[in-house]
Amino acid sequence: MKSVCKVAVELIRSRRAHSSASAHQIGGKMCFVNRPDMLRLMPQLVEGETDDNVVSWTVKALKKGHVVSVPTDTMYGLACLAQNSEAVSKVYDIKGQNGHNPLAICVGEIQDIHKYCNVKVKAELLDDLLPGPVTLVFERSEVLNKDLNPFTSIVGVRIPDHVFMRRLCQMCAEPLALTSANISSRTSPLAVNEFQELWPKLAVVVDGGPIGDQSRLGSTVVNLSVPGKYSIIRTGCALSSTVDVLELKYGLTEEPWENEPLKSPNSTSHAETHTKR
């Protein structure tokens with residue numbers, strides 16, 4: 001009978017390369033790998049407890065500066081350590097972006113948001129919306145890596161309603177940069193086979209099965225950087241419930257998002273756009 005560890009973590013070995021070659025690449029300094037390690041979450045672990053063996057293997061790759069793919073509550077994403085400038089650059093290379101589309105950050109606990117963002121809303125508001133399919137946009141703090149979205153003074157932050165993602169962030173003990181696992185402008189993926197062309201550029205692909213939300217709309221992105229106001233940057237999959245919380249419970253007033261250039265102290269200003277995540 002297989003142990004729980006062996007059942008929960010399946011290392012799917014390449015037909016072209018032995019598994020040791022893949023492990024060697026994770027430990028090396030290469031930007032891209034020939035074949036990622038495929039870690040499969042069992043369904044019961046996706047819904048309830050997660051397996052720390054999968055998490056630990058993924059953390060190891062992240063800490064070595066690699067990019068991995070992960071399941072979230074809205075779609076599959078690409079993730080790296082947000083405080084690692086070289087890793088952030090790799091994400092843009094993989095997606096085929098020029099570095100001027102902002103990446104969100106992902107944290108494991110609500111209290112972590114205050115370290116990397118200047119929060120101007122009540123703590124209860126965060127509790128009402130997170131974890132969930134919402135990206136909240138705040139003024140960034142000085143602690144956040146200045147090479148992450150250097151063209152803007154704001155940053156989107158997520159806590160996905162996904163047990164694996166929360167545990168991953170907790171074990172990393174620092175924020176992840178997160179964006180959708182697709183080449184820019186292509187359809188957001190709901191299963192790992194939908195972004196196979198990216199696999200050779202990733203160190204780890206975590207397969208959590210098909211994403212439950214089939215809308216492909218991504219998270220609802222809302223700007224909360226202006227006290228007493230909110231702006232919908234992207235409607236996403238949770239617009240109605242998010243607006244109800246903001247307006248009915250906390251009395252925030254909607255202000256149209258004008259996509260205005262936001263000047264950063266570290267660079268010239270650029271128009272603010274948001275990628276799916």
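Residue positions are counted from 1 within each chain, in the order its sequence is given. This being a predicted model, a pLDDT of at least 70 is required before a residue's local features are given, and a value of 80 or more before pairs of side-chain atoms are given or counted; all residues contribute to the totals for chains, interfaces and linings. Just so you know, side-chain values use all the structure's heavy atoms and leave hydrogens and water out.

Caption draft 1: View of the overall build of the protein. The numbering of helices and of strands both runs from the N terminus, where a helix is a DSSP run of H or I of at least 4 residues and a strand a run of E of at least 2. Each helix and strand in the protein was counted, giving 9 helices and 12 strands. Partly exposed describes any residue whose relative accessible area lies between the buried limit of under 20% and the exposed limit of over 50%, with all areas from a 1.4 Å probe on protein chains only and scaled to the type maximum. Across the 277 residues of the protein, 52% fall into the buried class. Should any heavy atoms of two residues lie within 4.5 Å, those residues are considered in contact. Here the analysis covers contacts within the protein between residues at least 6 apart in sequence; of these, 68% occur between residues at least 24 apart. Accessible surface area values rest on a Shrake-Rupley calculation with a 1.4 Å probe, where residue burial reflects the displayed protein chains alone. A total accessible area of about 12400 Å² is found for the protein, and carbon and sulfur atoms account for 51% of it.

Caption draft 2: Spotlight on the confidence of the model for the protein. Every residue carries a pLDDT, the predictor's confidence in it, which falls somewhere between 0 and 100. Overall, the predicted model of the protein reaches an average pLDDT of 83, with 77% of residues at or above 70. Every residue in residues 1-33 scores below 50 in pLDDT, and together they form 55 contacts with partners more than four places removed in sequence or on other chains. Every residue in residues 260-276 scores below 50 in pLDDT, and together they form 49 contacts with partners more than four places removed in sequence or on other chains.

Caption draft 3: Molecular detail of the side chain of S225. Structurally, S225 can be placed in the loop between β10 (220-223) and β11 (229-234). The buried category is assigned to S225, whose relative accessible area is 9%. Here a polar contact is recorded for every N or O atom pair within 3.5 Å, except that within protein the pair must consist of a potential hydrogen donor and a potential acceptor, and residues adjacent in sequence are included only if both atoms are side-chain atoms. Here the side chain of S225 touches N223 through a polar contact of 2.8 Å, side chain to side chain. Setting aside residues up to four positions removed in sequence, S225 forms contacts with K120, V137, F138, E139 and I154.

Caption draft 4: Region of the structure containing helix α4 (residues 52-63). Its 12 residues give α4 an end-to-end C-alpha distance of 16 Å, which sits within 8% of 16 Å, the value for a rise of 1.5 Å per residue. All buried positions along α4 are accounted for by V54, V55, T58, V59, A61 and L62. Projected down its long axis, α4 carries its buried residues within an arc of 160°, all on one side. Positive backbone phi, at 90°, marks G65, one or two positions downstream of α4. Given a helix with a known number of residues, its expected span is that number minus one, times 1.5 Å. Each direction from the helix axis to a C-beta atom contributes to the arc, which is the arc of those directions.

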